[in-house]
Protein chains: 2
Amino acid sequence: MVTIADVARHAGVATSTVSYVLSGKRTISPDTRERVQRSVRALGYRPNASARALASQRSNVLALVIPLRTGMHVPVMMQFATAVVTTARRFDHDVLLLTADEGPDGLERVVQSSLVDALVVMDVELHDERVPVLRELPMPSVLIGYPEEADGLTCVDLDFVAAGALCVDHLADLGHRSLALLGTPSAVYERQTGFAQRTLTGFAEAAVRRGVLGVETPCEHTFDAILHTVEQLLRDHPDLTGLVVQNEPIIGPLLDVLRRLGRRVPEDMSLVAICADDVAERQVPQLSSVTIPAERIGEQAVESLITKLAGGSVPDLALLPPALTARGSSAPHADRTTA
Amino acid sequence: MVTIADVARHAGVATSTVSYVLSGKRTISPDTRERVQRSVRALGYRPNASARALASQRSNVLALVIPLRTGMHVPVMMQFATAVVTTARRFDHDVLLLTADEGPDGLERVVQSSLVDALVVMDVELHDERVPVLRELPMPSVLIGYPEEADGLTCVDLDFVAAGALCVDHLADLGHRSLALLGTPSAVYERQTGFAQRTLTGFAEAAVRRGVLGVETPCEHTFDAILHTVEQLLRDHPDLTGLVVQNEPIIGPLLDVLRRLGRRVPEDMSLVAICADDVAERQVPQLSSVTIPAERIGEQAVESLITKLAGGSVPDLALLPPALTARGSSAPHADRTTA
DNA sequence: ATGAAAGCGCTAACAA
DNA sequence: TTGTTAGCGCTTTCAT
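The rules behind these values
- Residues numbered from 1 in each chain as written.
- Chains lettered and ligands numbered in written order.
- Predicted model: local features only at pLDDT ≥ 70, side-chain atom pairs only at ≥ 80, totals over all residues.
- Heavy atoms only, no water.
- Pairing = 2+ DSSP bridges.
- Helix = DSSP H or I, 4+ residues; strand = E, 2+ residues; numbered from the N terminus.
- Contact = heavy atoms within 4.5 Å.
- Axes fitted to C-alpha atoms, helices over the stretch in contact; angles between N-to-C directions.
- Near = heavy atom within 4 Å.
- Polar contact = N/O pair within 3.5 Å; in protein donor to acceptor, adjacent residues only side chain to side chain.
- Nonpolar A, V, L, I, M, F, W, Y, C, P; charged D, E, K, R; others polar.
- Least-squares fit on C-alpha atoms with pLDDT ≥ 70 in both.
- Buried area = accessible area lost by both parts, 1.4 Å probe.
- Salt bridge = Lys/Arg side-chain N within 4 Å of Asp/Glu carboxyl O.
- Buried < 20%, exposed > 50% of the residue type's maximum accessible area, 1.4 Å probe, protein only.
- 1 Å grid on protein atoms, 1.4 Å probe; cavity = no way out; pocket = protein on both sides within 12 Å on 5 of 7 lines; lining within 4 Å.
- Points joined across faces, edges and corners; volume = space filled by probe spheres on them.
- UniProt positions renumbered as here; feature names shortened; annotations may be inferred.
- Core = buried A, V, L, I, M, F, W, Y, C linked by side-chain atoms within 4.5 Å.
- Arc of directions from axis to C-beta.

1. So, the sheet that holds strand 10 (residues 288–290) of chain B
All names here are of chain B.
- Here we have six strands laid out as an open sheet, ordered 7-6-8-9-10-12, and mixed in their pairing. Both edges of this open sheet fall to strand 7 (213–217) and strand 12 (324–325), since each of them pairs with a single strand only.
- Sheet topology note: the strand 6 (residues 178–182)/strand 7 ladder contains five bridges and is parallel. Opposite Ala180, over in strand 7, you have Val215 as the bridge partner.
- Sitting on the sheet, helix 8 (residues 160–173) is in contact with strand 6, strand 8 (242–245), strand 9 (270–274), strand 10 and strand 12, with an inclination near 165° to strand 9.

2. Overview of the protein's contact with DNA strand C
- Taken together, 29 residues surround DNA strand C, and among them Ile4 and Tyr45 of chain A together with Thr17, Thr27 and Thr32 of chain B come closest.
- Between a base nitrogen of DNA strand C and a side-chain N or O atom of Arg26 of chain A, the distance comes to 3.5 Å.
- Here a phosphate oxygen of DNA strand C sits 3.1 Å away from a polar atom, N or O, in the main chain of Asn48 of chain A.
- Elements supplying a minimum of two residues to the surface near DNA strand C: helix 2 (15–23) and helix 4 (49–56) of chain A together with helix 2 (15–23) and helix 4 (49–56) of chain B.
- By residue number, the principal contributor to the surface near DNA strand C is helix 4 of chain A, which donates four residues.
- Its residues placed into classes, the surface near DNA strand C shows 12 nonpolar, 12 polar and five charged.

3. Description of the relation of the copies chain B and chain A
- Superposition record for chain B on chain A: RMSD 0.1 Å, screw rotation 180°, translation along axis 0.0 Å. As the rotation angle and translation indicate, the two copies are arranged about a two-fold axis.
- Both copies contact each other with a shared surface, as 100% of the interface residues of chain B are interface residues in chain A too.

4. Details of the interface of chain B and chain A
- The partner chain A presents 45 residues to the 45 residues of chain B that form the contact.
- A buried area of about 3,900 Å², summed over both sides, lies between chain B and chain A, and 63% of it is on carbon and sulfur atoms.
- Broken down residue by residue, the surface that chain B buries against chain A is led by Arg46, Met78 and Leu97 of chain B, which jointly contribute 16%.
- On inspection of chain B and its partner chain A, the count reaches six salt bridges.
- Summed over the shared surface of chain B and chain A, the result is 12 residue pairs in polar contact (both at pLDDT 80 or more).
- When residues of the side of chain B that touches chain A are traced back to their parent elements, those giving at least two are helix 4, strand 1 (61–66), helix 5 (74–90), strand 2 (94–99), helix 6 (103–112) and helix 12 (251–260) of chain B.
- Here the residues of the side of chain B that touches chain A are counted per class, giving 24 nonpolar, 10 polar and 11 charged.
- Examined bridge by bridge, strand 2 (residues 94–99) of chain A and strand 2 of chain B share three bridges and lie antiparallel to one another. Residue pairing for strand 2 of chain B: Leu97 of chain A is matched across the bridge by Val95 of chain B.

5. Quick word on the pattern of salt bridges
- Taken as a whole and judged by the stated rule, the model has 42 salt bridges over all chains.
- Here Asp94 of chain A makes a salt bridge to Arg89 of chain A, at a shortest N to O gap of 3.7 Å. Arg89 of chain A carries the same exposure label as Asp94 of chain A, and that label is buried.
- Across the salt bridge formed by Arg327 of chain A and Glu281 of chain A, the nearest N and O atoms sit 3.5 Å from each other. With a gap of 46 residues between them, Arg327 of chain A in the segment after strand 12 (324–325) and Glu281 of chain A in helix 13 (residues 277–282) connect regions that are remote in the sequence.
- Residue classification places Glu281 of chain A among the partly exposed positions, given a relative accessible area of 41%.
- What you see here is one network of salt bridges that share partners, running through Arg89 and Asp94 of chain A together with Glu102 and Arg109 of chain B.

6. A few points about empty space enclosed by the protein
- For the coordinates displayed, the defined rule picks out four cavities of 30 Å³ or more.
- Reported here for the second largest cavity is a volume of approximately 180 Å³.
- Lining the second largest cavity are 16 residues, with Ser50 and Leu115 of chain A together with Ser50, Ser59 and Leu115 of chain B sitting closest to its centre.
- For the lining of the second largest cavity, the elements supplying multiple residues, two or more each, are helix 4 of chain A together with helix 4 of chain B.
- A per-class count over the lining of the second largest cavity returns 10 nonpolar, six polar and no charged.

7. Examining the UniProt feature "domain: HTH lacI-type" (unreviewed entry) in chain A
- The positions that UniProt labels "domain: HTH lacI-type" (unreviewed entry) are, in the present scheme, residues 2–56 of chain A.
- The distance separating the terminal C-alpha atoms of residues 2–56 of chain A is 20 Å; by composition the span is 71% helix and 0% strand.

8. Notes on the protein's contact with DNA strand D
- Residues in contact with DNA strand D amount to 29 residues; listed here are only the nearest, Thr17 and Thr27 of chain A together with Ile4, Tyr20 and Tyr45 of chain B.
- The share of sugar and phosphate among atoms of DNA strand D within 4 Å of the protein is 53%.
- Residue Lys25 of chain B places a side-chain N or O atom 3.2 Å away from a phosphate oxygen belonging to DNA strand D.
- In this structure, Arg52 of chain B approaches DNA strand D through a side-chain N or O atom, which is 2.7 Å from a phosphate oxygen.
- Of all the elements in the fold, those that place two or more residues in the surface near DNA strand D are helix 2 and helix 4 of chain A together with helix 2 and helix 4 of chain B.
- Ranked by residues supplied to the surface near DNA strand D, first place goes to helix 4 of chain B with four residues.
- Of the residues in the surface near DNA strand D, the class split is 12 nonpolar, 12 polar and five charged.

9. A word on the side chain of Ser39 of chain B
- Within the fold, Ser39 of chain B resides in helix 3 (residues 30–43).
- Setting aside anything within four residues of it in sequence, one finds Ser39 of chain B in contact with Val7, His10 and Ala11 of chain B.

10. Let's talk about the nonpolar core
- Core analysis: the largest hydrophobic core is formed by 154 residues, its most contacted members being Leu64 of chain A together with Leu64 of chain B.
- Discounting residues that sit within four places of it in the chain, Leu64 of chain B has contacts with Leu97 of chain A together with Ala81, Val84, Val95, Leu96, Leu97, Leu98, Val120 and Met122 of chain B.

11. Here's the deal with the sheet that holds strand 3 (residues 118–121) of chain B
- Here 12 strands make up an open sheet; going across it, the order is 11(A)-5(A)-4(A)-3(A)-1(A)-2(A)-2(B)-1(B)-3(B)-4(B)-5(B)-11(B) and the pairing mixed. Every interior strand has two partners, whereas the edge strands, strand 11 (317–320) of chain A together with strand 11 (317–320) of chain B, have only one. Across the sheet, the mean angle from the axis of one strand to that of its neighbour is 20°, orientation sign disregarded.
- Most of the contacts of helix 14 (residues 294–309) of chain B go to strand 4 (residues 141–144) of chain B, to which it runs at about 165°, and overall it touches strand 1, strand 3, strand 4, strand 5 (154–158) and strand 11 of chain B.

12. A look at helix 4 of chain B
- Here helix 4 of chain B has its buried residues at Ala49, Ser50 and Ala53 of chain B. Viewed along the axis of helix 4 of chain B, the buried residues span an arc of 95°, placing them on a single side of the element.
- Buried residues in helix 4 of chain B make contact with helix 4 of chain A.
- Backbone nitrogen of Ser50 of chain B and a side-chain oxygen of the N-cap are separated by 2.8 Å at the start of helix 4 of chain B; the cap is Asn48 of chain B.
- After helix 4 of chain B finishes, the residue Gln57 of chain B shows a positive phi value of roughly 65°.

This is the structure in structure tokens:
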């Protein structure tokens, strides 16, 4: 292993000079800088991460806590994760992967052992037991999602309230007057995961604002559950022409169910999904959808963290605006009076 | 921050004694051990990871290199990843997440800076540029998947050859004589990803061995591509009654296509998928399938790594046996002579 | 069975 | 502008 001392010797300078050339923390004459850099390259020197961390009290590692549960959409999580890693690397940091099943103890462990400098915590629930821990931690953290009590915490998320409202507005603009939200399985609501709740809120508020009917129902992932839920919905609301879906696994089967029930999309039923773009584009017809900007959220989370580590201040809550892409699954309301 | 010196002082012993109590690397009198442990708890002591790593030359961190590409099935990757983290924790290790886009340099970086002790590399291709690097690295590594030139490397994977053969045997046992493999998009084959190639090999060999017709075709993810591929297949092989699918995203649309073409599953066409269980169970009818034992693979990879770190030896290649679960999508061949 | 002390490789005062 | 050196907190020889 080649050490900083080897480099210093090779370049004929002190170790501190090498250190300062590398960190840029003090001015170095162009001449020595050049000599040192040449030696670094010649010897293939890489600073030892542990030694650096021990001396500087900075590991340059961020913790990423990912959930390990059902109901979450996995590809989106993966997008978060890769965005977090990619962005972290952009700021010369690495990412330690933690699963949520270690719970609050896991956070304390990596923090107190100085393994990491900061934390990104995904899939935060409304009443998350990790939240009080995070608040007391002597270390910056950013939550993806947000809890009921978010004081003193930094949160980043899609503005799901706006997303729910955006779907209603889109359908209302097309002339639909009777809408339903097909949500995540009830277990997700019971866990009080923020995003599901908030979409529902936005959906309901917008329906009132637009003066349209807006009913909501959770939906399990099995085909039978979907069939039953939709049948029930159509029975209770025969004039239903607009459907909002926030539940990726059911999208395919749902299209099947509608076909089977003789409802054509979009002629008889307009559909808007809140899901990843690739999923929306894979369907027949392609789905109008609100994208979850996973990359942007992950990037934003890390940027906030880096700013905090540098002593800067960031907004407590960054809600990223949703964007709706209209595709083939939503169309103007077919006026029955002319039919 | 509580240091080992604080604990030593509190317990009235030398720091080395505390260290040895914690590591168990020398015999300690029950009395002192007890006193030290009490002090550790009383002060809430956690060893500093950097200091420990610097002194012991062991970071207790494994690198997990995940791919960042299309064509791979994301939920399965996620299962790998969580299994790797969970198993690593079982052995008191943490996991550093690297994306494949850093390439060979990324590996060298984390290795040479002593950030990690060992590497798990996912989605290894037949001719992977990271393979020569891994072979030269002064550090144990385990590949998930395996390359053409695997000498001196440790690989863990599902036995895809056996998986392909298992599907053929299952269908042949049911009396089907004309089978087709609907594979991954041709891009995946061109990248020469091992698993796709190997499934094909097993499929073809088993077809010959069983004396049945076995044709193979890649398949893109779009609905039109699937429709076209299946139509072509049925045109070329009118007596086709058995389909093997190794391409998760197309499973749903494929069922649609078959329905649309008037082929009932399993009455007219038996279907076996190589995919995650939850995907198979979500379909109508539920799919007979060969599961990718992602958890087991991740676990096995880490176990091998830990063994290697301890100086033990492990098999060069661990091929995990596939298991087929028969569900509703495969049935005995309907003999046309009696129809 | 325990202690004393020399590093591990680096950073950042402090000096010059 | 550069060098000297004292730690950072721990592990592990070497002593006892």
